[in-house]
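# Examination of the molecular architecture
Residue-level listing of the chains:
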Amino acid sequence: MSENFSTSNNYFGNSTIFYQTNGNNNITNTEAQVSSVVKTYYQGMIDVLESHKALTDADDFQPFMIALKDTHLNKVQSDYETNNNKASLYILSAIGLLILIIACSNFIMLSLGQAFKKVGEVGIRYMLGARRTSIFGIFFSENLILSITAFVLGVIIFVLFLPTFKNLAPNEIYTSLINIPRVVLFVIGCLLLIAFSTSIIPVLKLNNIQPNLLSSKKLKLGKGNGITQLFVTLQYGLSILLIILTILVVHQINYMKYKNLGFSSKNIIDLRIFQLTNSEKLALRDRLNSNPDIINLTLTDRDYMGGRSSDAVIKDNGDWVDTRILNVDNNYIPTLGLKLIRGENFRESNLNSKSVIVNEKLLADLGKKEDPIGNTIRMSGTVYQIIGVVKNFHYDSMEDEIMPLMLRPKTYNGERGNFMLLRYQPQQLASLLPFIRNTWEKIIPGKELDLNFWDEQLNNRYQSEEQWSQIIGYAAIIAIIISSLGLFGLTLLTVNTRTKEIGIRKINGAKIGEVMAMLNKDFVKWVVIAFIMATPMAYYVGRKWLQNFAYKTDLSWWIFALAGILALGIALLTVSWQSWKAATRNPVEALRYE
């Protein structure tokens, strides 16, 4: 094994080594050998960490080993390997399962309603000696045909909406990698399970009724049927859960995007210049600075979009504080609008000195309560003098807590100046962009200009959350549509079974509103129960999700109230149409029909 290990630019930062085994060795022994070699290589750093109490024992340092095939779905801590995690698959699978459960419960509920319309046929078959299995076979074959038809339609819809889903997915979808045999077996299993579950419940329900009652054709679904209530409650409970989570995710995204970051990213252009030489960087800076439409301009090594540098600041007691480092120049603070609460900014006279500006968090972790200006701190054997303190600001996303920070004047001569941030007059943007492009082409011909608006870039840090909000939102829409279709069908069945009752009430003087209230109150009750059941589940899931963010919104009561009102409103709109038709029907026609 080579000793030319890769290292990051962080003090004792993440390092990654790939090694290949011959397949015959014992994995445990191989990992032990690799671990021994790596620990021997890093022994000097381990001793330093132990001396600063960052490691209490050398055994606390253990190389983390994982099979290459497992890296993509594991959150391996590395600055250089992009990966995903199993949680994303679990969430997508859970959403798909929820929608499938809603659809299946809908199917079962409507199948049960249709079964009660066939009571005469079923009763006659029982009286002629038909067995339960034959009755089940009739229901099963019908439901299997319906399931297969629905599957074919689903495939067609999937093909039509695949481009939309690709826009939601953060990564490319490679359909060629799908294991076709497994998918076919899974689909067959699902179709058989759905057909079985939607057939067995009606058969069991009818089996508990005497054949002579079945053949009388007077058996009806009834307003108090427990199974239908259960499925309506289940459907709307899951739909309300998805609505609450959608509102919560959108609310958290807006909180992160519009919270005061401690600096102003608006009206700032981000130029990526790491491919330029130092002389090209300085020439570009001086030429752009001559334009009066550019208010401020600064060179820095980070634009908060990726990568990070950190080191250990040694405390007086020998402990250390992990500290982020930003290399900047004297225009950095005014360009970003950072608030300098103590001391002074860098000046041209001290740009090449060991002066630094720190944030409040670093002072707090160092335990410095008195005025820190003029104090010295030590890092990697170098002594720096604090000349200023800036108010804490969010250079990372809201998922991470603000870390101790040190600003060092290192980019004044172009060195480490990977990014150029330009604050401009917003009303002059139309004329400024051509100027920037022309200046770039004159100074650096042949190199591509990489220009971005910084506020848009920073908001893109939450692209993953926005994609999840869209996915959950679409799932909530699909779920509520399926639930409403089921509720509509159940309302129609209920109205048909209560036609005589409605007619008698109308003849006895019942008003349209009273009849509608009578028909709607049961459905409203089910939705209210569904809301009560969904609320604690949504609260638990929402709190768990919010724990991923160091800075988060409150799980406010209005989120649950809004979801409940939306679900109730949709349910009322769904059932009121059929209720109104039944309430306005001529009672004489209703009684004649009966």
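Our subject is the structure that appears above.
Report follows, based on the coordinates. Values in this document were obtained by computation on a predicted structure and should not be read as measured data.

Reading the values: the criteria
- Residues numbered from 1 in each chain as written.
- Predicted model: local features only at pLDDT ≥ 70, side-chain atom pairs only at ≥ 80, totals over all residues.
- Heavy atoms only, no water.
- Helix = DSSP H or I, 4+ residues; strand = E, 2+ residues; numbered from the N terminus.
- Buried < 20%, exposed > 50% of the residue type's maximum accessible area, 1.4 Å probe, protein only.
- Contact = heavy atoms within 4.5 Å.
- Areas by Shrake-Rupley, 256 points an atom, 1.4 Å probe, with all protein chains shown as cover.
- Axes fitted to C-alpha atoms, helices over the stretch in contact; angles between N-to-C directions.
- Parallel < 35°, antiparallel > 145°, perpendicular 65-115°, else oblique.
- Left-handed = near helix turned anticlockwise from the far one by under 90°.
- Nonpolar A, V, L, I, M, F, W, Y, C, P; charged D, E, K, R; others polar.
- Polar contact = N/O pair within 3.5 Å; in protein donor to acceptor, adjacent residues only side chain to side chain.
- Salt bridge = Lys/Arg side-chain N within 4 Å of Asp/Glu carboxyl O.
- Pairing = 2+ DSSP bridges.
- Patch = residues over 30% accessible without salt bridge, like charges linked within 9 Å, V, L, I, M, F, W, Y side chains within 5 Å.
- Phe/Tyr/Trp six-rings, centres within 6.5 Å; stacked < 30°, edge-to-face > 60°.
- Core = buried A, V, L, I, M, F, W, Y, C linked by side-chain atoms within 4.5 Å.

### Here we look at the overall build of the protein chain
A count of helices and strands for the protein chain gives 18 helices and 11 strands. Each of the 594 residues in the protein chain was classed as buried or not, and the buried ones make up 41%. Across the protein chain, the fraction of contacts at a sequence separation of at least 24, relative to all contacts at a separation of at least 6, is 80%. When the accessible surface of the protein chain is split by element, carbon and sulfur atoms take 57% of a total near 32,200 Å².

### Some thoughts on the packing of helix 15 (residues 499-507) against helix 16 (residues 512-546)
Following both chains from N to C, one finds helix 15 and helix 16 inclined at 150°, their axes separated by 10 Å at the closest point. If you check the angle between helix 15 and helix 16, you find them roughly antiparallel. Judged by the sense of rotation from one axis to the other, the crossing of helix 15 with helix 16 is right-handed. Across the interface between the two elements, Glu-501, Ile-502, Arg-505 and Lys-506 of helix 15 pack against Val-515, Met-518 and Leu-519 of helix 16. Residue classes in the contact of helix 15 with helix 16 are distributed as 4 nonpolar, no polar and 3 charged.

### Digging into the side chain of Thr-411
Here Thr-411 is to be found in the loop between strand 9 (405-409) and strand 10 (419-424). Only 3.3 Å separates the side chain of Thr-411 from the backbone nitrogen of Asp-329, close enough to count as a polar contact. Beyond its immediate sequence surroundings of up to four residues, Thr-411 is in contact with Leu-299, Thr-300, Asp-301, Asn-327, Val-328, Asp-329, Arg-416 and Gly-417.

### Overview of the pattern of salt bridges
Enumeration over the complete set of coordinates arrives at 7 salt bridges. Residues Glu-466 and Lys-257 are paired through a salt bridge, measuring 2.8 Å at the closest nitrogen-oxygen approach. Of the two residues, Glu-466 sits in helix 14 (residues 463-497) while Lys-257 sits in helix 8 (residues 226-258), which places them 209 residues apart along the sequence. A relative accessible area of 22% means that Lys-257 is categorised as partly exposed. Between Asp-365 and Lys-361 there is a salt bridge, and its shortest N-O distance comes to 3.5 Å. Note that Asp-365 and Lys-361 are positioned in helix 11 (residues 360-366) at a spacing of 4 residues, about one turn of the helix. Judged by relative accessible area, Asp-365 falls into the partly exposed class, the value being 27%. Lys-361 sits in the partly exposed class, given a relative accessible area of 28%.

### Some thoughts on the sheet that holds strand 2 (residues 294-300)
Strand order in the open sheet made by the 4 strands is 2-10-1-11, with antiparallel pairing throughout. Each end of this open sheet is capped by a strand with a single partner; those strands are strand 2 and strand 11 (451-453). Neighbour-to-neighbour, the strand axes of this sheet turn through a mean angle of 20°, independent of strand direction. Examined bridge by bridge, strand 1 (residues 268-272) and strand 11 share 3 bridges and lie antiparallel to one another. By the bridge assignment, Asp-270 is partnered in strand 11 with Asn-452.

### Some points on the packing of helix 16 against helix 17 (residues 557-583)
Two numbers describe how helix 16 lies on helix 17: the axes approach to 9 Å, and their chain directions differ by 155°. Judged on the interaxial angle alone, helix 17 and helix 16 are roughly antiparallel. The element helix 16 and its partner helix 17 pack so that their crossing is right-handed. Where helix 16 abuts helix 17, its residues Ile-512, Val-515, Met-516, Leu-519, Asn-520, Phe-523, Val-524, Val-527, Phe-531, Thr-535, Ala-538 and Tyr-539 lie against Phe-560, Gly-564, Ala-567, Leu-568, Ala-571, Leu-572, Val-575, Ser-576, Ser-579, Trp-580, Ala-582 and Ala-583.

### Topic: unusual backbone geometry
One non-glycine residue, Asn-267, lies in positive phi territory at about 60°. Looking at the element boundaries, Asn-267 is found in the loop between helix 8 and strand 1. In this structure, Tyr-304 takes a positive phi of about 70° despite not being glycine. A relative accessible area of 8% places Tyr-304 in the buried class.

### A closer look at a nonpolar patch on the surface
Taken together, the side chains of Ile-148, Phe-151, Val-152, Leu-153, Val-155, Ile-156, Ile-157, Phe-158, Val-159, Leu-160 and Phe-161 define a hydrophobic patch exposed on the protein surface, amounting to about 1,000 Å² of accessible area. Along the chain, Phe-158 turns up in helix 5 (residues 132-168). Under the relative-accessibility criterion, Phe-158 is labelled partly exposed at 48%.

### Details of the packing of aromatic side chains
Scanning the entire structure with this criterion turns up 13 aromatic pairs. Among the aromatic side chains, those forming a connected cluster through ring pairs are Phe-263, Tyr-304, Phe-393, Tyr-395 and Trp-454.

### Considerations on the nonpolar core
By size, the foremost hydrophobic cluster in this structure holds 72 residues, and its most contacted members are Tyr-236, Phe-263, Tyr-304, Phe-393 and Leu-407. Ranked by the residues each element gives to this core, the list is headed by helix 8, at 15 residues. Sequence-distant contacts of Phe-263, that is, excluding residues within four places in its chain, are made with Tyr-304, Leu-336, Gly-337, Leu-338, Phe-393, His-394, Trp-454 and Leu-458.

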